[in-house]
Amino acid sequence: MNTQKIWQGCIAQLKTETSEEEFTQWIKPLKAKFNGNRLTVLAHNEVVENQVRQKYLLRIRQYLKFDFKNSSIASVNLSVARPLLAPEPVRADQRPEAPKSFFSGIRRELNFSHFAVGSSNEEAFRAAQSVADQPGSRFSNPLLIYGGVGLGKTHLLHAVGNAIQKQNPSKRIRYLYTANFVSDVVGSLRQSKLQQYLEELEQCDVMLFDDIHFLSGKDKCTEEFLHLFNKFESRGVQMVFSSAEHPNGIQRLHLSLKSRFMSNLVIELKPLNMETRVSILKQWSESSVLDKPMSDVDAYYIAEHVHGDVRALSGFWARFTMLLPRENVDGSPHRPVIDRALDSGYVRRKSVTIHQIQAAITEYYGISMNLLLSSSRQAEVVRCRHMGMLLTKQLTKLPLLSIAEQFHRKDHTTVKHACTSMRKQIESDSELRLDYDEIIEKIHG
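A brief structural summary. Note that the structure is predicted; figures quoted are calculated from it, not measured.

### Re the sheet that holds strand β1 (residues 31-35)
Thought 1: With respect to topology, 3 strands assemble into an open sheet ordered β1-β2-β3, the strand pairing being mixed. Edge positions in the sheet fall to β1 and β3 (75-80), since each has one partner strand and no second. On average, each strand axis in the sheet is inclined to that of its neighbour by 25 degrees, with strand direction left out of account.
Thought 2: With 6 bridges connecting them, strand β2 (residues 38-43) and β3 associate as parallel partners. When the bridges of β3 are listed, L42 appears paired with S79.
Thought 3: In the packing of helix α1 (residues 3-17) onto the sheet, the strands contacted are β1 and β2, and the crossing angle to β1 comes to about 145 degrees.

### Quick notes on the pattern of salt bridges
Thought 1: Using the criterion set out here, one finds 8 salt bridges in the structure.
Thought 2: Residue E109 is joined to K28 by a salt bridge in which the shortest nitrogen-to-oxygen separation is 2.8 Å. Here K28 lies in the loop between α2 (20-27) and β1 and E109 lies in the loop between β4 (102-104) and α5 (122-133), a separation of 81 residues in the sequence.
Thought 3: Linked through salt bridges whose partners overlap, the residues forming this network are K28, R107 and E109.

### Points about the packing of helix α15 (residues 354-365) against helix α17 (residues 379-395)
Thought 1: Across the interface, α15 lies against α17 with an axial gap of 10 Å and an inter-helix angle of 145 degrees. Between α15 and α17 the crossing geometry is right-handed. Note on element contacts: α17 touches α15 through R383, C384, M387, G388, L391, T392 and L395, opposite I354, I357, I361 and Y365.
Thought 2: Counted by class, the contact of α15 with α17 contains 8 nonpolar, 2 polar and 1 charged residues.

### Regarding unusual backbone geometry
Thought 1: At the junction of N141 and P142, the peptide bond is cis and its omega measures out at 5 degrees in the coordinates.
Thought 2: Along the chain, P142 falls in the loop between α5 and β5 (143-146).
Thought 3: With a phi close to 55 degrees, D211 is a non-glycine residue in the positive phi region.

### Brief notes about the side chain of Q238
Thought 1: Locating Q238 in the fold gives a position in strand β8 (residues 238-243).
Thought 2: The residues touching Q238, leaving out its near neighbours within four places in the chain, are V131, Q134, P135, G136, S137, S140, N141, L143, D205, V206 and M207.

### Overview of the side chain of K258
Thought 1: With respect to the element layout, K258 can be found in helix α10 (residues 255-261).
Thought 2: Residues in contact with K258, not counting those within four places in the same chain, are P247, N248, I250 and L253.

### A closer look at the environment of H254
Thought 1: Mapping H254 onto the fold places it in the loop between β8 and α10.
Thought 2: Here the alpha-carbon distance between H254 and K218, two residues 36 residues apart in the chain, equals 9.0 Å.
Thought 3: Residues within four places of H254 in sequence aside, it is in contact with T222 and L226.
Thought 4: Among the polar contacts made by the side chain of H254, one reaches the main-chain amide nitrogen of S256 at a distance of 3.0 Å.

Here is what the cut-offs are and how they apply
- Residues numbered from 1 in each chain as written.
- Predicted model: local features only at pLDDT ≥ 70, side-chain atom pairs only at ≥ 80, totals over all residues.
- Heavy atoms only, no water.
- Pairing = 2+ DSSP bridges.
- Helix = DSSP H or I, 4+ residues; strand = E, 2+ residues; numbered from the N terminus.
- Axes fitted to C-alpha atoms, helices over the stretch in contact; angles between N-to-C directions.
- Contact = heavy atoms within 4.5 Å.
- Salt bridge = Lys/Arg side-chain N within 4 Å of Asp/Glu carboxyl O.
- Left-handed = near helix turned anticlockwise from the far one by under 90°.
- Nonpolar A, V, L, I, M, F, W, Y, C, P; charged D, E, K, R; others polar.
- Polar contact = N/O pair within 3.5 Å; in protein donor to acceptor, adjacent residues only side chain to side chain.

Following this line, the structure appears as structure tokens:
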């Protein structure tokens, strides 16, 4: 039993079911200790233990013992980790100098190289890279990235922080979740320490505010934030914000804040399209437990069945990689394991017929069915026909010979050539890639 794989699979699944803040605060710090077939989940203090016991322990037990039918785990308990023995005090003359850099709240593993880029997120990715290359530039300060949950806003903020710190170790960089800023302001007011708290933030050279829409309706916190913003602006401090919505769409957000957020770059992270989902899966497959990188065919197959945000893909990936060792698929296709992972947690789309695909192609491109199935060699007709063959190969289980017959072609080699040719064109032609994505959405309606 590979205990660490089991535990990491559990953590990955919980990440898909919780918010970024919840996961970072309560789930990520947990450790697992196995004693034979008994698991103890360790929290680093009583506060975390109480929260996990109330909200997550039942789900952890369900995942470990039932979701994967893990009969090898007899029990799952929760406890507070015993503190390590305190080290001997260090004499004053032995203490190292205080670090000159200020690098707070940044998650090291979230960097640009681990961000899978596709057409739906490329603009936001390039904007974040531009900020990291030239922090404080008047053309990209501030930068606000907005979009739905699980699309990578938080990842890009941390990536900016990591990239700037790598290039300029002395930069004072801080990541702050806006809900925590609100809580800190309220707590500091009660303790008469607000000025001290704000002065600490003012020292930053780069400020990364996540989920800025949490300032909506919070007048006192907004007032303090505006003062902070003005201080940062006067000093040329690079500011990067994320939001669930465009500033104009955030209800009860102060007009002065909307104006400031929109004073420069406002970039949307769009929902993941097919191409971006495939890009993410391919990147994961190249740095995972797979015996060899996943094929394009398998990656498109998964992307067609698993929709939603990155967390949905991550949840699938956790199931898939957990099932791999049991299948003993070294050197063989991954499809049987993919199907098992899909069956264990995802509702498959209704089956698609070749006639639905052909109808979608003719309607989208505005040609007749007779012309699509004819022997015409006009470039536009050939492109439509090749697109139809590729989609049929990917969305149905028909053998190549049957596809050839349904498209009035002579043999399976024609279909094979058409699919290879169309795949290469889609990879190099952004307009054709858009056609591909939109036709698939049209087919599934």
